[in-house]
Amino acid sequence: EDEVLLASASFEEAEIRGALKKMACEAMREIVAATGERTDGRSTTQVRPISVEMAPLPPVVHGSVLFTRGETQALGTTTLGDSSIAQRYEDLE
């Protein structure tokens, strides 16, 4: 009976992709829990080192920093000024 319902049901591609991704994530968690090792060879308690690069942008930006850990990067910026050059309002339209 369940097979008949599944065969007659129509699924959107996004739903199928989401279900497959969820199954893959659950399977990966089970493997990591069972072996104690991540796919890149690190243990579950080992953290990748972080690198910090100061001022990767030109000096027109008063402060910038690039943080890198593995394949993940975050870029932070700061531009200073007094109230005479402050943005008066935001218009998102």
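Residues numbered from 1 in each chain as written. Predicted model: local features only at pLDDT ≥ 70, side-chain atom pairs only at ≥ 80, totals over all residues. Heavy atoms only, no water.

K.L.:
Honestly, the overall build of the protein in this entry has me stumped. Any pointers?
P.N.:
Along the backbone of the protein there are two helices and three strands. When its helices and strands are written in sequence order, the protein yields α-α-β-β-β. Here the protein holds 93 residues, and the buried ones make up 8% of them. For the protein, long-range pairs separated by at least 24 residues make up 0% of all intrachain contacts whose partners lie at least 6 apart in sequence. Accessible surface, the protein as shown: approximately 8,500 Å² in total, 56% of it carbon and sulfur. (Helix = DSSP H or I, 4+ residues; strand = E, 2+ residues; numbered from the N terminus. Buried < 20%, exposed > 50% of the residue type's maximum accessible area, 1.4 Å probe, protein only. Contact = heavy atoms within 4.5 Å. Areas by Shrake-Rupley, 256 points an atom, 1.4 Å probe, with all protein chains shown as cover.)

K.L.:
What am I meant to see in a nonpolar patch on the surface here?
P.N.:
On the surface, a cluster of nonpolar side chains totalling about 420 Å² of accessible area is made up of Phe 11, Ile 16, Leu 20 and Met 23. Within the fold, Ile 16 resides in helix H2 (residues 13-35). (Patch = residues over 30% accessible without salt bridge, like charges linked within 9 Å, V, L, I, M, F, W, Y side chains within 5 Å. Salt bridge = Lys/Arg side-chain N within 4 Å of Asp/Glu carboxyl O.)

K.L.:
Where do I start with the side chain of Ser 64 in this structure?
P.N.:
Checked against the element boundaries, Ser 64 lands in strand S2 (residues 63-69). Only 3.3 Å separates the side chain of Ser 64 from the backbone nitrogen of Leu 57, close enough to count as a polar contact. In contact with Ser 64, other than residues within four places in its own chain, are Glu 53, Met 54, Ala 55, Pro 56, Leu 57, Gly 76 and Thr 77. (Polar contact = N/O pair within 3.5 Å; in protein donor to acceptor, adjacent residues only side chain to side chain.)

K.L.:
Even after reading the chapter, I still don't get the sheet that holds strand S3 (residues 72-78), so can you show me in this structure?
P.N.:
The strand order S1-S2-S3 describes an open sheet built from three strands, whose pairing is antiparallel. Looking at which strands have only one partner, the edges of the open sheet turn out to be strand S1 (50-54) and S3. On average, each strand axis in the sheet is tilted by 15 degrees relative to the strand beside it, whichever way the strands run. By the bridge criterion, five bridges tie S1 to S2 in an arrangement that is antiparallel. (Pairing = 2+ DSSP bridges. Axes fitted to C-alpha atoms, helices over the stretch in contact; angles between N-to-C directions.)

K.L.:
How do you make sense of the environment of Gly 63 when you look at a structure like this?
P.N.:
In this fold, Gly 63 is placed in strand S2. Along the primary structure Gly 63 and Gly 76 are separated by 13 residues, whereas in three dimensions their C-alpha atoms are 8.0 Å apart.

K.L.:
In this structure, what is going on with the pairing of S2? I would like to understand it.
P.N.:
Residues in a regular strand point their side chains to alternate faces of the sheet. By the bridge criterion, seven bridges tie S2 to S3 in an arrangement that is antiparallel. When the sheet's bridge partners are listed, Leu 66 is paired in S3 with Leu 75. Following S2, the chain reverses through two residues before pairing antiparallel with S3; Gly 70 in that reversal takes a positive phi of roughly 65 degrees.

K.L.:
Which parts of the structure should I look at to understand H2?
P.N.:
Spacing of three or four residues puts side chains on the same side of an α-helix, whose turn is 3.6 residues. In this model, H2 (23 residues) spans 33 Å end to end at C-alpha, consistent with the 33 Å of a helix rising 1.5 Å per residue. Counting buried residues in H2 gives one out of 23 residues, a small share hidden from the surface. Taken from the residues just after H2, Gly 36 is the one with a positive phi, measuring 75 degrees. (Expected span 1.5 Å × (residues − 1).)

K.L.:
When you look at the confidence of the model for the protein in this model, what are you seeing that I'm missing?
P.N.:
Caution applies to low-pLDDT regions: their predicted coordinates should not be interpreted in detail. Residues with a pLDDT of 70 or more make up 81% of the protein, whose mean pLDDT is 84. For the protein, the element scoring lowest by mean pLDDT is helix H1 (residues 2-8), at 56; S1 scores highest, at 95. (pLDDT = per-residue confidence, 0-100.)

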